[in-house]
Structures are given as C-alpha cells and as structure tokens.
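Structure assessment
One-letter residues, chain by chain:
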Amino acid sequence: GSSVPTLPPDLQSLRATAVEVLRGNDLGDVTRPSPTLYPHQWLWDSCFIAIGLRHIDPARAAAEVLSLLRGQWPNGMIPHVIFAEVDDFYHAGPQRWRIDRVTTTASGALSTGITQPPMIAEAALRVGEMLDPKARADFYRALLPGLIRFHEFLHFERDPDDDGLVTLVHSWESGMDNTPPWMEATLPITPRRVNVLKRLGAAEALDAMRRDSKEVPAEERLTSAELFTLYRVVRELRRSGYAFRNIRETDVPLVQDVAFNAILVRADDHLVEIAAEAGVKLSRRLTRQMRRCREAMERLWSSSTYYSRDFRTGELLRHETVGGFLPLYAGVVPEDRVDVLVKAMTSPRYWPRYGVASVPADDPVFEPRCYWQGPVWININWLLADGLERYGRLDAARELRANVLNLIVNSGEMFEYYSPLDGSGAGSNSFSWTAALLVDLLA
Ligand code: 9WN
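Residues numbered from 1 in each chain as written. Predicted model: local features only at pLDDT ≥ 70, side-chain atom pairs only at ≥ 80, totals over all residues.

Going by an unreviewed UniProt entry, the protein carries the name Glycoside hydrolase, family 63 and comes from Pseudofrankia inefficax. UniProt, in its Sequence similarities (unreviewed entry) section for the protein, records the words "Belongs to the glycosyl hydrolase 63 family." (UniProt positions renumbered as here; feature names shortened; annotations may be inferred.)

Turning to the overall build of the protein, a few remarks are in order. A count of helices and strands for the protein gives 19 helices and nine strands. Over its C-alpha atoms the protein spans a radius of gyration of 20 Å, differing by no more than 12% from the 22 Å that the globule rule assigns to 443 residues. By principal-axis analysis of the C-alpha atoms, the protein measures approximately 55 × 50 × 50 Å. The long-range fraction of contacts in the protein, counting pairs at least 24 apart against all pairs at least 6 apart in sequence, stands at 71%. (Helix = DSSP H or I, 4+ residues; strand = E, 2+ residues; numbered from the N terminus. Rg over C-alpha atoms; globule rule 2.2 N^0.38 Å. Contact = placed C-beta atoms within 7 Å.)

A sheet is described by the order of its strands in space; here three strands give the open sequence β3-β6-β7, paired in antiparallel fashion. Looking at the sheet topology across the chains shown, the edges are occupied by β3 (255–256) and β7 (316–317). In terms of strand pairing, strand β6 (residues 308–310) meets β7 through two bridges, oriented antiparallel. Residue pairing in the sheet places Arg309 in a bridge with Leu316 of β7. (Pairing = 2+ DSSP bridges.)

In this section: the packing of helix α3 (residues 58–67) against helix α5 (residues 120–130). Contact pair α3 / α5: the axes reach a minimum separation of 9 Å and the direction vectors enclose 160°. Of the possible angle classes, the one that applies to α3 and α5 is roughly antiparallel. Where α3 crosses over α5, the handedness of that crossing is left-handed. Between α3 and α5, the contacting residues are Pro58, Ala61, Ala62 and Val65 on the first element and Ile120, Ala123, Ala124, Val127 and Met130 on the second. Looking at the contact of α3 with α5 residue by residue, the class counts come to nine nonpolar, no polar and no charged. (Axes fitted to C-alpha atoms, helices over the stretch in contact; angles between N-to-C directions. Parallel < 35°, antiparallel > 145°, perpendicular 65-115°, else oblique. Left-handed = near helix turned anticlockwise from the far one by under 90°. Nonpolar A, V, L, I, M, F, W, Y, C, P; charged D, E, K, R; others polar.)

The subject of this paragraph is the confidence of the model for the protein. In this model, the protein carries an average pLDDT of 95, and 97% of its residues clear a pLDDT of 70 or more. This stretch, residues 1–5, has a pLDDT under 50; its non-local contacts, to residues over four places away or in other chains, come to 12 contacts. Quick note on the complex model: pTM equals 0.97, ipTM equals 0.99. (pLDDT = per-residue confidence, 0-100.)

Interaxial distance between helix α17 (residues 378–390) and helix α19 (residues 432–442) falls to 9 Å at its minimum, and their mutual angle equals 35°. Where α17 abuts α19, its residues Ile378, Asn379 and Trp382 lie against Trp433, Thr434 and Leu437. Looking at side-chain class alone, the contact of α17 with α19 contains four nonpolar, two polar and no charged residues.

A few words on unusual backbone geometry. You will see that Arg98, though not glycine, has its phi angle at about 45°, which is positive. Positionally, Arg98 belongs in the loop between α4 (94–97) and α5. For Arg98, a count of 12 C-beta atoms within 10 Å puts it in the exposed group. (Buried ≥ 20, exposed ≤ 12 C-beta atoms within 10 Å, placed from the backbone.)

Here we take up helix α16 (residues 335–346). With 12 residues, α16 extends 17 Å between its outermost C-alpha atoms, agreeing within 8% with the 16 Å of an ideal straight helix rising 1.5 Å per residue. Within the span of α16, buried status applies to Leu341, Val342 and Met345. Projected onto a plane normal to the axis of α16, the buried residues spread over an arc of 100° and lie on a single side. Facing away from the buried surface of α16 by more than 90 degrees, the exposed residues are Asp336, Asp339 and Lys343. On its buried side, α16 packs onto α15 (326–330), α17 and α18 (394–411). (Expected span 1.5 Å × (residues − 1). Arc of directions from axis to C-beta.)

With that out of the way, let us pick up the environment of Arg235. One can find Arg235 in helix α11 (residues 224–239). On the basis of neighbour counts, which here come to 14 C-beta atoms within 10 Å, the residue Arg235 falls in the partly exposed class. Distance from Arg235 to Trp97, taken between C-alpha atoms, is 7.7 Å for residues 138 residues apart in sequence.

Another point: the environment of Val338. Looking at the secondary structure, you find Val338 in helix α16. Distance from Val338 to Thr305, taken between C-alpha atoms, is 10 Å for residues 33 residues apart in sequence. The contacts of Val338, once residues within four sequence positions are left out, are Val333 and Tyr391.

Once that is clear, we can look at α11. In this model α11 runs 23 Å from its N-terminal to its C-terminal C-alpha over 16 residues, within 8% of the 22 Å that 1.5 Å per residue would give. Taken together, the buried positions of α11 are occupied by Ser224, Glu226, Leu227, Phe228, Thr229, Val233, Val234 and Leu237. Following α11 by one or two positions, Gly241 adopts a phi angle in the positive range, close to 65°.

Structure representation (structure tokens):
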C-alpha cells in the first residue's frame, strides 16, 4: 500500500483545469476523449465523463448519456465509437468498419461494429442522483427502452450457447486494447506479411505503415504487429457482417472478458433499480440471463484471482491483470476471498506507489508507460475504489482515492494514463475521463 498524501492547497485550480479540459473536448452533447488522439464519441468514455459532468451540469451529463442511444443498432448494440463528423484523423475510422453495408444506427451516424464495457447504467444512476425528481423521471424514461435493448443484445446475441457469460469479439471491446491475455489470444492470427517483415527485422518498414497518431511515443502504444493484427480482426468482423454466428466460424479470438462481465453484472443491478423506479418491467428472459451471468462469474475464479476465459475452449487465460479485481465492483466475490484479492491489489506488485497498475510490476511484460500493459488508469482505479467500499474496506478505498488524486495533483495535468512507478503522465494529454473523474473525486 501507500501512505495517505497531504493534499496541496491548489486543488481548486486543478479542478478548474479539469473543467477546462472537459469544455475543450465538448462537441455539443457529446464529449470527445481527447483533442489529439480521439476525436469521436466512445461508449465508456462518455459514461465516465458523465459521472464527472454531473457535478458541473447535471442536465448536460444526462445529455451525454442519452447521446449514446444515437449510435444504437437495430439489434440493440450500442457501438464503442460513434463517429463525429470531423476530419477523420482517427486510425480506425469509418472506412475500416463500413457498417453502412450492414446496418444503420438510430441517428444515421456512422459507428464501429463492436461495443465497449457497459457503464451506461452506472452513469445513469449517478447522474440521476443529481437531477430533481421530474428531470430524473424524464431522463430514465428516455433512456430505458434503449438501455434494456442493449443489455438484451449482450445477454442474448453475445451468449448464444446460454453459458451465462457474454463474449467479446475484439480486444477493443474490453476497453483494454493491449492487455496481455488479449494480446496472447490475438497474436496467433497476426497477418502473414507482418510476421515476415518482423522476421526480416524490418521493424521500420512496419512502423512506416502505421496509421495511428505520431503524437505519442511509440513505446507508449501497441507494437506495429499488434496494431496490424487488431486491424485484421476488424476485417474479419466486417466480412462476418458483425453477426456472432458468422464470427464464431472465423479464427477471431473470442473471450469471456472478466472486466467486461463484472461491469455488466453491476450494470444489470443498476438497470433493475432504474426500471423499478420508472415502473418498467423487465422480461423474464432478461432477468434469467442476468442471474445466470452473475452465477457464471464463479467459473472465472482460480486459486487466487479471476481470469478471462476463452469462449471456444472454455480454458482460462491465465495471465493476471487488474481485471481480476473487478468482481469486487460487481459484488460477486464470496466473503472468504475478499482478503486475498484486497491483499494482492494493495501489495507493491500492483500498487507500487501511485495507484493500482493494469499489470503487476513483477510481470515480465510489465511496461510502466505502455497503455494497458502496466500503467495506472484513472477509470479502473475509480471502479476498484468502489469495489473496496462495497466490501466494507473503507480505509483501503479512501487510501486509493487519495493516492489517485495525489497522482493527478502531482502531474498537474489530465493524462490518459500514468506510470505506477514514478507517477509520470503518458499517452494523450487533456484526456476527458481523467478530468471528469478528478472532478468526481473532489466532490
Ligand atoms: C480503441 C478512447 C479509447 C478508450 C479505450 C482505450 C483507447 C482506442 C484506441 O482509447 O482505445 O477503442 O484507439 O486505442 O484503450 O479504453 O475507450 O479513450
């Protein structure tokens, strides 16, 4: 663990910086994740952003959540990116997905063909707390039909064999692009030409072919081989018409992701609460699948942590990551396991100094400034603190929040992610969910 920091006096000016970042990224009733790297709307980003915005402008926060419905597909999926009409410098833009050949979104906006962690119900509930009863009732009424259809999409389309857990078709759906278990599952289908170039030692040629931003140093992002493999997965998904029954016939890795399922279980609880308040009844089929999903989380536990699982083989992907702690947030951890998880999470392996790392520091692939391969992410730490609180570990929750706050205070800026070793910021700057969750932490 770490010591509780003494906060410097200029928290107000840091909050003002955060508000400024959110304003700068505001596109109307959508907030982009960052001005340089991510010019569109991302699903779970908007949810975390709304959780911060509710302290500044609750009506605007409600609009942020509702705007996600504009991307909803006829099959209920809410996409991971809804493309804004901007000059597209984003490397995985509309032309990679070509969803117009398959479907249209509710608003006609273009989108990707995959989803992202279902944080919407959490955001809705938190925003709802800040609205007066009339505004909250209106907000829930507007949100519920689409939100229910989204949860049905996840529990039905993505659990076709009635297993209980939902399956993801791309690491981008997990929100943790290059987290080690996903990379290990995905790299076996690296395109042949990429492997040939790699073998020839032509790393520079590969790098020259990259289409992502040069804003961020290469060592803070995916390798070119990883990136080209993720593009290849997109191509398979596109050719499969984004339908799970077709996708499962390809060689695309299919993963019952532990973090995603944990977030879904919690979101299901929130959905039940929102529906009850609005007097809307959920179908028996959905209610049954929610229960089965919660119970199935048990299958992801093995000896000391929770893992993701390969949908095709049923084998656990035994590479430990921070995702293994999110069952605390879901509330599915039996009391006799809580100490094991909390000890691991608060040990120097995961929490060397500044926040809980995405991969333990003693892992051979750990890279303190490389994306989901080690850095501290503010949204994940927010979820972890909530999980600790749920299980009555109030001191640990308080300490984690204070430590994360201190991390941002010390850097003075809203970075995308931070090194758990020295607290230095990495990735994009002016990153919206860091700003939003800072505002929430200070509230
Ligand atoms: C792909 C927007 C998103 C986050 C993800 C993060 C990163 C995108 C990318 O940025 O992913 O979705 O281009 O790398 O991994 O969690 O939602 O902030």
